[in-house]
Structure formats: structure tokens, C-alpha cells
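Commentary on secondary and tertiary structure
Here is what each chain is made of, one letter per residue.
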Amino acid sequence: MTEYTQILVDKADGIATITLNRPEKMNAYTRTMGAEIMAAMDDIDADDAVRAVIFTGSGEKAFCAGADLTPEGGGHVFSDPNEVDDLSDERVRDGGGLLTLRLYESTKPLISACNGVAVGVGATMQLAMDIRLASDTARYGFVFARRGIVPEAASSWFLPRIVGISQALEWCYSGRVFDAKEAKSGGLVRCVHAPSDLQHAARELASEIAENTSAVSVAMTRAMMYRLASADHPMEAHKIDSRAIYRLSRGKDAKEGIASFLEKRKAMYPGKVTEDMPDFYPWWDEATYE
């Protein structure tokens, strides 16, 4: 998929920017939008020139105002319109969860630049992004209990890991919409900016990664942090970081990292994520929906 109808994709200076692009609907989420973001991520992960990804929304009002409550062509809101008896049926799967699981599998750092309202899936999709920045006009809401459903997009896994169980439960129990200041104090966002400064701050952070680090090192670090933080013993982390250090220390990026340091120059890492990940990657078994 190279032509998008509900998102915009821009690539420049090692940074890809994905913009949710339904400003007339406050960038409300649809199945089409989800499919387009996932397709864009497939393209971005295959592009070694891209070193980091920024997500934002079109217009000045919203990042994403949640699921479109008047879905394309009518039909059922929140879930597939088909009736099934077997809950392991693929049609049962939550669309927001399909998206966040794809973001979880990214090999690139993901940065959210939340420029306005972000409720429902507009908030939960950002939980699968690594670093969250907000405009001081941003508003967040995990509003599911006020719609008669439950937190989706695998947010019951992501949110407590980011903000802690008590804060996660308070926001989800109440379903209230809260401002960027509370989001920062609760640990949801890294920093809050004036609207005119938000994109600059996000690009500055993305550029710091893109210009100074090994893409292979960053991709391995992302995979290790997400998959090993919940291991039942630090030995599991020791196994993987030992193997990664052993393999990568013999690679071309480590040689360049040492040489550039000793020569007091900027490093130019030649490694590519599509070609140079260590031979034991991925080390995990793919989870399946059953």
C-alpha cells in the first residue's frame, strides 16, 4: 500500500512522520486508518534510511478523537459486525490491538507528538510508542467505562507498565478526560510543549537518535527492553544481552563506534537492521491469537 487516504507519510533526514489525516472528523480512528498505519510501518521497517518515526495528527484540535462512532458504511461500532460463536475467531480481534501489536514489533523508535485531543484508541495507540510528547492543548481519556466497554488496544498490558497500576486504574475507572499537565505528572508523557514547539521538540529527539546511534543497536535495545522487562528472572536478560554483546562486539558497527571515539569524530555506522541483526534474533516464539 503506497497511497494512503487517511494518513500522511513523510520521510526526511532519517525520520518518518506519520500524520493521522481526517481533520474534519478530528482524526477519528477507522479500520482503514489502522490498516494504513500498519502498511506504513511495514514500509518503514523495510527502509534502512529511516531511523525514527514520529506520529501526530492533522489540524490543531486533535491527535485522534477515538474510534469513529459513525463507521464507514454504517455497521457495528467498536468490533466486527459478524456474529461468531468461537471467540478465537480472527474476526473477534480488536482493531486497536492489531495496531498496537504491530507497533510493538517495530524495529524503529516510535515517538508520539500528541497535538490535541486523544481519547479511546487515540490514547491507547500511543501506549505502544516509546516516547510520548504532548502539546499543552493535549487532552487524554481512557473513556471505555463511559462507553460500556473495556480498555482495548492491549492497553491493559501497556498502560500499567508505563504509569503503574494505581494510576492506570484511576484513569480507566473514572473514564474522565484529563489535561497534558496531569498526563505528565502521572508519567504518561515525557514533556509538554507549546503547540508551535511540539514538532520541533519531537524532531530534535528523533534526530538525536538518527544522527548518533547504531540502527542495529537501537533495534536490539527496543526488542530487549519490551520483551525482557517482564521476564521472571534477570537470568533471561543476562542470556540475551550476553549473546547480543558477543555477536555485536564483533560487528562493523562496534568497530566504527570504537574507531570514531578514539579518532574523536562523528560515527558513521554502516549496519542495517534488514541485514545485520545477530543470528539469534528473534529469540522469542511469536505469540498467536487463540
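Everything quoted here is computed from the prediction, not taken from an experiment.

**Things to note about the packing of aromatic side chains**
The geometry of an aromatic ring pair is captured by two quantities: the separation of the ring centres and the angle between the planes. Per the counting criterion, the structure on display carries 12 aromatic pairs. On the numbers, 4.2 Å between centres and 10 degrees between planes, the contact of Trp171 with Phe178 is stacked. The pair Trp171 / Phe178 is uniform in exposure class, with both members buried. Put simply, the rings of Tyr104, Trp157, Phe158 and Tyr226 touch in pairs and so form one group of aromatic residues. In this arrangement the basic side chain of Arg227 is found over the ring face of Trp284, its NZ or CZ atom lying 3.6 Å from the centre. Geometry around Tyr246 places Arg250 over its ring, the cationic atom sitting 3.7 Å from the centre.

**Digging into the sheet that holds strand E6 (residues 117-119)**
Spatially, 4 strands are ordered E4-E6-E8-E9 in an open sheet, and the strand pairing comes out mixed. The strands lining the two open edges of the sheet, one partner per strand, are strand E4 (62-64) and strand E9 (177-179). Mean inter-strand twist for the sheet, computed between neighbouring axes without regard to direction, equals 20 degrees. Here E6 pairs with strand E8 (residues 139-141) via 3 bridges, running parallel. Pairing of Ala118 across the sheet is with Tyr140, part of E8.

**Focus: the sheet that holds strand E2 (residues 15-20)**
Read across the open sheet, the 6 strands follow the order E1-E2-E3-E5-E7-E10; overall the sheet is mixed. Only two strands of the sheet have a single partner each, and these edge strands are strand E1 (7-12) and strand E10 (191-193). The mean angle between the axes of side-by-side strands here comes to 20 degrees, regardless of whether they run parallel or antiparallel. Sheet analysis places E2 next to strand E3 (residues 52-57), joined by 6 bridges and oriented parallel. The residue of E3 that forms the bridge with Leu20 is Gly57.

**Examining helix H5 (residues 165-174)**
Among the residues of H5, Gln167, Ala168, Trp171 and Cys172 are the ones counted as buried. For H5, the buried positions fall inside an angular range of 125 degrees around the axis, keeping them on one side. Turned more than 90 degrees off the buried face of H5, the exposed positions are Ile165, Ser166 and Tyr173. For H5, the secondary structure elements touched by its buried residues are helix H4 (155-163), E9 and helix H6 (180-185). Phi turns positive one or two residues past the end of H5, at Gly175, with a value near 65 degrees.

**A word on the side chain of Gln126**
Along the polypeptide, Gln126 turns up in the loop between helix H3 (121-124) and strand E7 (131-135). Discounting chain neighbours no more than four positions away, the residues touching Gln126 are Phe63, Ser112, Cys114, Ala118, Arg132 and Tyr140.

How each quantity is defined
- Residues numbered from 1 in each chain as written.
- Predicted model: local features only at pLDDT ≥ 70, side-chain atom pairs only at ≥ 80, totals over all residues.
- Heavy atoms only, no water.
- Phe/Tyr/Trp six-rings, centres within 6.5 Å; stacked < 30°, edge-to-face > 60°.
- Buried < 20%, exposed > 50% of the residue type's maximum accessible area, 1.4 Å probe, protein only.
- Lys NZ or Arg CZ within 6 Å of the ring centre and 35° of its normal.
- Pairing = 2+ DSSP bridges.
- Helix = DSSP H or I, 4+ residues; strand = E, 2+ residues; numbered from the N terminus.
- Axes fitted to C-alpha atoms, helices over the stretch in contact; angles between N-to-C directions.
- Arc of directions from axis to C-beta.
- Contact = heavy atoms within 4.5 Å.

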